[in-house]
Amino acid sequence: MRTRIRDLREDRDLKQKEIAEYLVCDQSLYSKYERGERELPLRLAISLAEFYRVSVDYLVGLTDEVTPYPRKRR
């Protein structure tokens, strides 16, 4: 996962600080998520998947399919 979240951020020319602000956390904490020093909470993984428009499965490395699943109608 750490590589994927870093790669997604870098592919969009974003800084760690920008993503940390989006997630409402410190840049140093987000850096630890990217390096795998801290476990990324599920709610933040979901937020990042929505932000990058990828599936959570892709984000955590369970699939190489980038496209998120269609949302269920409520």
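Provided above is the structure to which this section pertains.
Predicted model only: the values in this text are computed from it and were never measured.

A.B. asks: Got a sec to walk through the packing of helix 2 (residues 16–23) against helix 4 (residues 42–52)? Specific residues and values, please.
C.D. replies: For the pair helix 2 and helix 4, interaxial distance at closest approach is 10 Å and the crossing angle is 115 degrees. Considering how the two elements wind past one another, helix 2 and helix 4 form a crossing that is right-handed. Across the interface between the two elements, Ile19, Tyr22 and Leu23 of helix 2 pack against Leu44, Ser47, Leu48, Phe51 and Tyr52 of helix 4.

A.B. asks: Provide a residue-level description of the packing of aromatic side chains, including the pertinent values.
C.D. replies: The final tally for this structure, using the stated rule, is 2 aromatic pairs. Residues Tyr22 and Phe51 carry aromatic rings whose centres are separated by 4.6 Å and whose planes lie at 45 degrees to one another, so their mutual orientation is tilted. Of the two residues, Tyr22 sits in helix 2 while Phe51 sits in helix 4, which places them 29 residues apart along the sequence. Summarising the aromatic geometry, the rings of Phe51 and Tyr52 are spaced 5.0 Å apart at their centres and angled 80 degrees between planes, so their arrangement reads as edge-to-face. Residue Phe51 is classed as partly exposed on the basis of its relative accessible area of 31%. Exposure remark for Tyr52: the relative accessible area of 3% places this residue in the buried category. Clustering of aromatic rings is evident, with ring pairs tying together Tyr22, Phe51 and Tyr52. A cation over a ring is seen here: Arg4 above Tyr58, with NZ or CZ 4.0 Å from the ring centre.

A.B. asks: Pulling in residues and values, what's your account of helix 4?
C.D. replies: Here helix 4 has its buried residues at Leu44, Ala45, Leu48, Ala49 and Tyr52. One side of helix 4 carries all its buried residues, which in axial view fall inside an arc of 140 degrees. Exposed and oriented more than 90 degrees from the buried face of helix 4 are Leu42 and Arg43. Looking at the residues trailing helix 4, positive phi occurs at Arg53, about 60 degrees.

Basis of the calculations
- Along each chain, residues carry numbers from 1 onward, in the same order as the chain's sequence is written.
- Restriction of local features to residues with pLDDT of at least 70 applies here, the model being predicted, together with a cutoff of 80 or more for giving and counting side-chain atom pairs; totals for whole chains, interfaces and linings are based on all residues.
- Calculation of side-chain values draws on the structure's entire complement of heavy atoms; hydrogens and water are dropped beforehand.
- Every angle, taken between N-to-C directions, lies between 0 and 180 degrees, and every axis is a line fitted to C-alpha atoms, over only the stretch in contact when it is a helix.
- Counting from the N terminus, the helices are the DSSP runs of H or I reaching at least four residues and the strands are the DSSP runs of E reaching at least two.
- In this scheme the handedness of a crossing depends on how the near helix is turned from the far one: anticlockwise by less than a right angle means left-handed, clockwise means right-handed.
- Residue contacts are defined here by distance: any two heavy atoms, one from each residue, within 4.5 Å place the two residues in contact.
- Side-chain rings of Phe, Tyr and Trp (the six-membered ring for Trp) are treated as a pair once their centres are within 6.5 Å; stacked means planes under 30 degrees apart, edge-to-face means over 60, and tilted covers the remaining angles.
- Remark: exposure states derive from per-residue accessible area (1.4 Å probe, protein chains only) relative to the maximum for the residue type, with buried under 20%, exposed over 50%, and partly exposed in between.
- Cation placement over rings: the criterion is NZ of Lys or CZ of Arg within 6 Å of the ring centroid and within 35° of the ring normal.
- Within this analysis, the arc is defined by the directions that extend from the helix axis to the C-beta atoms.

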